[in-house]
Amino acid sequence: MFRGGRGGRGRGRGGPMMNRREISQNSVPWATDPKDPIVLDGKPSETYPAWNVPKPPVLTKKEERQLDYFLIFREQSHDSPLYTEPPPRSKDSRRRAYGQEQINSRYADESKATINPFTAVETYSKRFERKKRTLPDFSNLPFAKEFFPPELHATLDGLDEPGADRKRRRTGPKTLALSSITTYGADEFEEEGEQGNGQPDFNKALELMDNLEKMDGDDAFLSGEEDDWGNNEDEDNEDAAADAEAADQYDDESEDDYNAEQYFDNDDNDYGDDGGDDGGDGTF
Amino acid sequence: MLVTAPLAEFCALMIDEIYGELPSRIYASLLMRGRSTIQQLAGDTGMNARQLRHGLALLLQHNLLYYHLDTGSPQCFYEANVEHAYNLTRTGKILEMVEESFGPAAKDVMQTIILTGQARVGDLVDAYQKRIDRVNRAMEALKAEDPFGNGADSHELNGDTPPETKSEKKPDLLISSTAQLKSIICRLVDAELLDAVHKTTYESPEDLLAMFEAEILATYPGKEVKGNKAKAEYKDRVAEALRKDRSGSKSLKRKLEQNGLSAKRRKLFDGAASASGTPDGELDLGVDPNQVICINYEKCLVDLRNRRLMQFSADIIGTTTSWVYGSLLKLLSKDVSRCRDDPIIDHYEKDDERPVPVVVTTAQILDTIKTGLDLSVGLGKVDALKISTAAAEKITAQAPRKKFFIDVQAEVEGDATSDEEEEEEDVKPIMDLDYRPATNGVNGVNGTHVTSGANGVNGTSSKVKVEPRERRVDRRTQLRHHLLLLSESTQGFIRHCGVDEWTVDFEPLMRALRQVELDSAIENTAGREGIRLVRMLRAKGKLDEKAIVGICLMRKADMLKKLAEMQKAGFVQTQEVPREAKADVKKSFFLWYFDPEMALERVLDVAYKTMIHSLQVLDMLREENQVVLSLVKRTDVKGQEEGKLPKFYIDKYAQFLKHERMLLAQIHRVDDLVAVLRDY
């Protein structure tokens, strides 16, 4: 049934009209003081009210140092073989999620179907890019296995792979590696690293020496394949090739019975790039 | 720790920031669903078992999980360890603290250990040995190529920092030998900053409790505890078993002590010199290379708390006094393993079984305090007649009972800022007469029991006469004056518990500090009127609005507006009390009151949300600058951005770095607040 009118503002609701003062008196539960009443301000608020943005005080020296250490720690952690770099997220990943399924769908993995055609084409400069890992690489690091539950032992050995049996190649001693990252971004621009009793200078020198040594090796330096953690210098080239192979393996995460992507994987060499100079890592 | 939704989200984001997305997703799910097996996790997160195994192993390696394996069961239950995840935020602070107290080399070791999570001593030694070898080889290679030491210009590198000149000054990085590394590990273990990983490290506290309860219950007849006396005894036995288990992580320290570290401790703690000085083999105290060690956050928090307390005392009293306080706390906290006692583990049925609080004597403090510190600074001068020595030297042997903190004091302290400024002006002339630099003359008058007010002596001529005699007081007396000053402060920094014996009652002191922090949070949100109302409510309890109007010296409308604003922010609460049997809103009393617990929860909640927001903004910034960031990470660009990137990109990158620093600094600062309100 049509009740008539558009509803309006309150008028149709019945009851007597009140002025502002009365409204204010009736809308609060406490008794108002007639001499000093609270008057509701009916004006619409300003669209862009002046807002006094509070400014934090500048960082003290100590805080700067704490921040530096945190950043370097983070950088070293990102450099470790255990770090898994997330694929760039899609635009709608930040939408509100209502339930676990929607949250999970945010992390739709980067498959060959979601490739960006503008950047995915293999170019020479790709070899300078940091290799992205989708799973942590445990195979080179030592672990105190007695403190892990037995179901994770194979993973820690680096044997937790689809074709695990043929992977029993790492028999040499595993070594813990130290990160050689000692600076983070800002130093290059602010040139403040110079004053601190020669310490940063020396670190820089060590980094340079590290680089130099890598150059002495072969053009592993160029390809950026040898990260500082790996300490791969002692390993022979076969191992490096096996490494690349292993990296290939990591890329397909799903171990379903039917893997449609595998269908295309076999003709990897069709891209024609693969200079063959270092093991040919033609992955995306 | 109560895990609220914002805290859970923050922990997951922090893990994402440091260890990557995979572990973060698993961790978030564990927090959301509680303990689960791999199968349950797979159903929840939609990841396959292989991904989960990798993620879980990573999280366990970094001590971010608990797990429980029932005997005979094929499956493991995993559970999130929120304390450790949250403490990742404090990594920078902990490293800075370690550097300050143990030198840069120790910081390097600490960083490596945090980075690896748990590490075998032998592996650490190998890794450092390898690095040392590598540096040596590189140096030899350089020397061979460049016999005249012309710097590195001959290489393809940019030669603005010739490696040789620097490296010859400092032939090795920070750790020059494995012996040095071992001695550093010993020192850190001795300071309890490093812990041994032991059998039950990865059992969650609940599991441990259940385990010991079942074990002890089995010894009772009928597996049942009957009667009050038996129940009390049972509780005591459980607590004792838990304590014994907890001390398992100290096994390494005990072993070291047996090996005679304590005899050498003095030598080790000689100062930071030994960190960079020549390493000697005798410091190798035989750490078992198979021992697995990890960071002990509890003790790190104790040390961070000491620093916060030092700062607190510097704010209230003065810098020199705070240095004295700092060395006292350092001595005290050698035997303090954690900030807060656990209600179950640290439960003692009889009071006489409770461990006695640690006591420090004046002589001990005098020994540790740096000789360079001028103790005469920072003490005011008052005519000796005006000090009541008996009151100043009063000894309080017993720890204060609850309700130590007097609320009126807060009002005095906060509102008196303007008075203090005046006071400072008054005191300054005296200090000038003393010919001494007065860093803090504010409350520095020794003895508040002065008959005519603290600043009653306004540089009279008689003062000058007294002066020469007083200047010759010995160091010990000066130190005692600082200590007395600390002990008679209303915050209760220390307690004079015996002749020349001092101790700290952390609980009431932290309560005072927490209140100061809370007050400043309220003041920043609600302004001076707000904090005034809160203090009033704290002193008086629950008040009707009419009663508040009577005492608050504000217009009623203003007052109500302020109260409503603060209620919205969660700082004050109302209670409705009906006047008659039939409740009617119109005829009810509304009592306003201040509940510190609720206010604290609210502030914490806002703090977590601020930190989450900072990390989210950082994520957005990364996405915006993705092009630049991916370029900067390239191996051919890294380290020489200036040469390889166009100016436009460099500016953008610098801008990003600046914003990143600001956001992370924000998190660090908010964490300071969280630490005081929740952890210390």
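Residues numbered from 1 in each chain as written. Chains lettered and ligands numbered in written order. Predicted model: local features only at pLDDT ≥ 70, side-chain atom pairs only at ≥ 80, totals over all residues. Heavy atoms only, no water.

Asks: What should I look at first to understand the overall build of chain B in this one?
Replies: When you go through chain B residue by residue, the secondary structure sums to 30 helices and eleven strands. Looking at chain B residue by residue over its 680 residues, the buried ones come to 52%. Long-range contacts, defined as pairs at least 24 residues apart, comprise 73% of the intrachain contacts of chain B with a sequence gap of at least 6. About 31,900 Å² of surface is accessible on chain B, with carbon and sulfur atoms providing 54% of the total. (Helix = DSSP H or I, 4+ residues; strand = E, 2+ residues; numbered from the N terminus. Buried < 20%, exposed > 50% of the residue type's maximum accessible area, 1.4 Å probe, protein only. Contact = heavy atoms within 4.5 Å. Areas by Shrake-Rupley, 256 points an atom, 1.4 Å probe, with all protein chains shown as cover.)

Asks: What exactly am I supposed to notice about the UniProt feature "domain: RNA polymerase III subunit RPC82-related helix-turn-helix" (unreviewed entry) in chain B here?
Replies: Residues annotated in UniProt with the feature "domain: RNA polymerase III subunit RPC82-related helix-turn-helix" (unreviewed entry) correspond here to residues 10-69 of chain B. The annotated region residues 10-69 of chain B carries 73% helix and 8% strand content, and the separation between its end C-alpha atoms amounts to 28 Å. (UniProt positions renumbered as here; feature names shortened; annotations may be inferred.)

Asks: Quick question: what am I supposed to make of the packing of helix 27 (residues 596-624) of chain B against helix 30 (residues 647-679) of chain B here?
Replies: A pair of packed helices is captured by two measures, namely the crossing angle of their axes and the spacing between those axes. Residue and element names in this part refer to chain B. Helix 30 packs onto helix 27 with a crossing angle of 165 degrees between their chain directions and a minimal axis gap of 10 Å. Our classification of the angle between helix 27 and helix 30 gives roughly antiparallel. Two packed elements cross with a definite hand, and for helix 27 against helix 30 that hand is left-handed. Tallied by class, residues from the contact of helix 27 with helix 30 come to 18 nonpolar, four polar and four charged. (Axes fitted to C-alpha atoms, helices over the stretch in contact; angles between N-to-C directions. Parallel < 35°, antiparallel > 145°, perpendicular 65-115°, else oblique. Left-handed = near helix turned anticlockwise from the far one by under 90°. Nonpolar A, V, L, I, M, F, W, Y, C, P; charged D, E, K, R; others polar.)

Asks: Looking at this structure, how should I read the domain arrangement of chain B?
Replies: Think of interface size as the accessible area that goes away when the parts come together; that is how it is often given. Residue and element names in this part refer to chain B. Entries for chain B in the domain assignment read domain 1 (5-88), domain 2 (105-295), domain 3 (301-404 + 474-504), domain 4 (512-594) and domain 5 (600-679). Summed over both sides, the interface between domain 1 and domain 5 buries roughly 970 Å², with carbon and sulfur atoms accounting for 68% of that surface. Taken together, domain 1 and domain 5 are joined by one salt bridge. E17 is the partner of R622 in a salt bridge, and the nearest nitrogen-oxygen pair spans 3.0 Å. Among the elements that make up the side of domain 1 that touches domain 5, the one with the highest residue count is helix 1 (residues 5-19) (seven residues). In terms of residue class, the side of domain 1 that touches domain 5 is made up of six nonpolar, no polar and two charged. (Domains from an automatic or database assignment. Buried area = accessible area lost by both parts, 1.4 Å probe. Salt bridge = Lys/Arg side-chain N within 4 Å of Asp/Glu carboxyl O.)

Asks: Looking at this model, I keep getting lost on the environment of P54 of chain A. Mind explaining?
Replies: Residues and elements named next belong to chain A. Looking at the secondary structure, you find P54 in the loop between helix 1 (20-27) and helix 2 (61-79). P54 gets classed as exposed once you look at its relative accessible area, which sits at 65%. Taking the C-alpha atoms as reference points, P54 and Y107, 53 residues apart in sequence, are found 36 Å from one another.

Asks: Even after reading the chapter, I still don't get helix 2 (residues 21-33) of chain B, so can you show me in this structure?
Replies: Residues spaced three or four apart along an α-helix point in a common direction, a consequence of the helix completing one turn every 3.6 residues. Residues and elements named next belong to chain B. Between its terminal C-alpha atoms helix 2 stretches 18 Å, which fits the 18 Å expected from 13 residues at 1.5 Å a residue. Considered for burial, the residues of helix 2 that qualify are E21, L22, P23, S24, R25, I26, Y27, S29 and L30. Once helix 2 ends, the next one or two residues include G34, with phi positive near 80 degrees. (Expected span 1.5 Å × (residues − 1).)

Asks: Looking at this structure, how should I read the sheet that holds strand 5 (residues 292-295) of chain B?
Replies: Strands belonging to one sheet form pairs held by backbone hydrogen bonds; the direction of such a pair is parallel or antiparallel. All names here are of chain B. Within the open sheet, the three strands sit side by side as 3-5-4. Their pairing is antiparallel. In this open sheet, the two strands that pair with only one neighbour each are strand 3 (118-120) and strand 4 (194-196). Here the average twist between neighbouring strands, direction ignored, is 35 degrees. Where strand 3 meets strand 5, three bridges bridge the pair, whose relative direction is antiparallel. Across the sheet, the residue bridging to A119 is I293, located in strand 5. (Pairing = 2+ DSSP bridges.)

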